[in-house]
Structure formats: structure tokens, C-alpha cells
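Structure at a glance
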Amino acid sequence: MSEPCANPAAFAGSSVSSDASGSAAHEEPTPHTSHDVLAGIDGGESAVPRGHDLVSHEESGEAMPAAFSERDLRFMKLAQAAAEQARAAGEVPVGAVLVRGDEVIATGFNHPIAAHDPSAHAEMVALRAAAQALENYRLPGCELYVTLEPCLMCAGAIMHARIARVVFGARDPKTGACGSVVDAFADPQLNHHTTVVGGALESECSAALKSFFADRRRAVRAARDAARGAAGSDELR
Ligand code: ZN
């Protein structure tokens, strides 16, 4: 996502929950507690669905009302790893993972700059790869995990793909289309397939974006200072 789509300065607030479908393939998180929340991305337990091992945000140190299953957190961790691929490529670090049951169908990371493609958001990349992998433009029964609240473009693609459930991390108060700016999924005339839940590992997802922009601001300042220094030395000569 481009910078305007992911301004970290305003990341804050509570989670977003939009449930307009009533037909999601997976149950909603319900308040519960568990102590082995972040037991690792794989840790040898990835083969076992853990949909009932839920943890509250209060217990994990985040003042959030929503709760997420250990399975949700595991897949969000994978999305965070994908986001780091975007960071390594110099792109705004947003990552997505598309799963069916416990099977990872596709991952994607944000790279519109390198691709010269305004649609190369993490969600779009993952949706395209999953559709290719399953040889189907519809992806019913699949879930999408993404580190940042989807924008309108991605929300539209998610609906067209008939994704059953979306779990996102950080809110995007600039272009978030899951409740932050608009809630594209709330209108049953538009959406009756997708359940959306926000705030999974929200603090970590938000911190990753903030650190990216902080680093970039530092680099810009350093370049500017270096340019000034060079100009100054030129004048001295
Ligand atoms: Zn998007």
C-alpha cells in the first residue's frame, strides 16, 4: 500500500467488527482465555485446528475488546512475516495470507512501487495467487489474514472472491474500508459472504508500520542533511 494508504500516525482505537454475512464458514471469536497464545508460527502444532483456544486482548496486554483464536494469531504471524518481505523490498510493510482450513493457499506482500501497479496490495497479491492455485476465481470457504485493514479496492476484490472471513491487524484511519473510513462489508446489498474482524495482533502490526515510516523519515532527514553539508562545502570552496 502506498503511504497515504498506511499512515501510521493515526493508528489507534478499538477493533472493527463487521458481520453482515451470517454465512461465514468459521465461527466468530468469543471471549475466553488461554496462556499459550503465541506458541510460534509452526511449533509442530500447525496441523491441529485450534479454533477453540481463544485469548482475550486484556490478557495479551492489549486493551482490545475482541478475542482471537490461537489459529488466528498463528496465521496473522504469517501475514506479519509476509509484511517483512515488503519492508525488505522498501515497500510499506503489509502482508497477507490466504488460508483454507489449516492450509495456507497463498501469501502476498505489498509491492506497488516495484511492480508499477497500484493494485499490488498484499491482499490482491494473495487473492490472485490463491485463485491461480485453486484454479477458481471464487474462493469460498477461504479466510484472508492481513496486517492492515483492507482498502476499498481490496474489499471489493474480497467480496468478488467470496472470501468467507477476513481478519486484519492494524486499523487504517486513512483508507480503511472495514469500518475506519467506510464499512464496505456492512451493507448486505453489497456483501453477504464475508465476515470481517479487526484488531488481531493490532499493536504489533501497527508498530511494524510505524517503524517503517520512522526509518523512512530518518533516511529522508539524513539525505537532506548530507545534501546541505555537500552544498555547504561547495560554498566553502
Ligand atoms: Zn488495498
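A short tour of the structure in this document, coming up. Predicted model, so just to flag it, every value in this text is computed and none were measured. (Residues numbered from 1 in each chain as written. Predicted model: local features only at pLDDT ≥ 70, side-chain atom pairs only at ≥ 80, totals over all residues.)

Scanning the protein for helices and strands turns up 5 helices and 8 strands. Helices and strands in the protein line up, N terminus first, as β-β-β-α-β-β-α-α-β-α-β-β-α. Relative to its 237 residues, the protein shows a buried fraction of 43%. Of the contacts made within the protein by residues no fewer than 6 positions apart, 64% connect residues no fewer than 24 positions apart. (Helix = DSSP H or I, 4+ residues; strand = E, 2+ residues; numbered from the N terminus. Buried ≥ 20, exposed ≤ 12 C-beta atoms within 10 Å, placed from the backbone. Contact = placed C-beta atoms within 7 Å.)

All right, on to unusual backbone geometry then. In the Ramachandran plot, Arg 162 falls in the positive-phi region, its phi being about 60 degrees despite a non-glycine side chain. Within the fold, Arg 162 resides in the loop between helix 4 (152–160) and strand 7 (165–170). Residue classification places Arg 162 among the partly exposed residues on the basis of 18 C-beta atoms within 10 Å. Phi at Leu 201 takes a positive value of approximately 50 degrees, unusual for a residue other than glycine. Looking at the element boundaries, Leu 201 is found in the loop between strand 8 (195–198) and helix 5 (202–236). Leu 201 sits in the buried class, given 27 other C-beta atoms within 10 Å.

This paragraph deals with the environment of Ala 106. Mapped onto the fold, Ala 106 is located in strand 5 (residues 103–109). Classification of Ala 106 by C-beta neighbours within 10 Å gives buried; the count is 23. In this structure, the C-alpha to C-alpha distance between Ala 106 and Ala 131, residues 25 residues apart in sequence, is 8.9 Å. Excluding residues that lie within four positions of it along the chain, Ala 106 makes contacts with Leu 98, Ala 126, Ala 129, Ala 130 and Ala 133.

Next up on the list: the packing of helix 3 (residues 122–134) against helix 4. Between helix 3 and helix 4, the shortest axis-to-axis distance is 9 Å and the interhelical angle comes to 25 degrees. The angle between helix 3 and helix 4 places the two elements in the roughly parallel class. Here the hand of the crossing between helix 3 and helix 4 comes out left-handed. Each of Glu 123, Met 124 and Leu 127 in helix 3 lies in contact with helix 4, whose residues at this interface are Cys 154, Ala 157 and Ile 158. Broken down by class, the residue content of the contact of helix 3 with helix 4 amounts to 5 nonpolar, no polar and 1 charged. (Axes fitted to C-alpha atoms, helices over the stretch in contact; angles between N-to-C directions. Parallel < 35°, antiparallel > 145°, perpendicular 65-115°, else oblique. Left-handed = near helix turned anticlockwise from the far one by under 90°. Nonpolar A, V, L, I, M, F, W, Y, C, P; charged D, E, K, R; others polar.)

So, about helix 1 (residues 70–88). End to end, helix 1 covers 27 Å across 19 residues, agreeing with the expected 27 Å (1.5 Å per residue, within 8%). Following helix 1 by one or two positions, Gly 90 adopts a phi angle in the positive range, close to 80 degrees. (Expected span 1.5 Å × (residues − 1).)

Here we take up the pairing of strand 4 (residues 95–100). Of all the 6 residues making up strand 4, 5 are buried; the element is thus mostly covered by neighbouring parts of the structure. Where strand 4 folds back onto strand 5 in an antiparallel hairpin, the turn is made up of 2 residues, including Gly 101, whose phi is positive at roughly 65 degrees. Bridge count for strand 4 against strand 6 (residues 142–148) is 5 bridges, and the pairing is antiparallel. Across the sheet, the residue bridging to Ala 96 is Val 146, located in strand 6. (Pairing = 2+ DSSP bridges.)

All right, on to the pairing of strand 7 then. Within strand 7, 6 of the 6 residues are buried, which leaves it mostly tucked inside the rest of the structure. The pairing of strand 6 with strand 7 spans 5 bridges and is classified as parallel. Each bridged residue has a counterpart across the sheet, and for Val 146 the counterpart in strand 7 is Phe 168. Regarding the hand of the β-α-β motif, the stretch spanning strand 6, helix 4 and strand 7 is right-handed. Looking at chain direction, strand 7 and strand 8 are connected through 4 bridges and run parallel. Bridge pairing in strand 8 links Phe 168 to Gly 198. (Right-handed = clockwise from strand over helix to strand, strands pointing away.)

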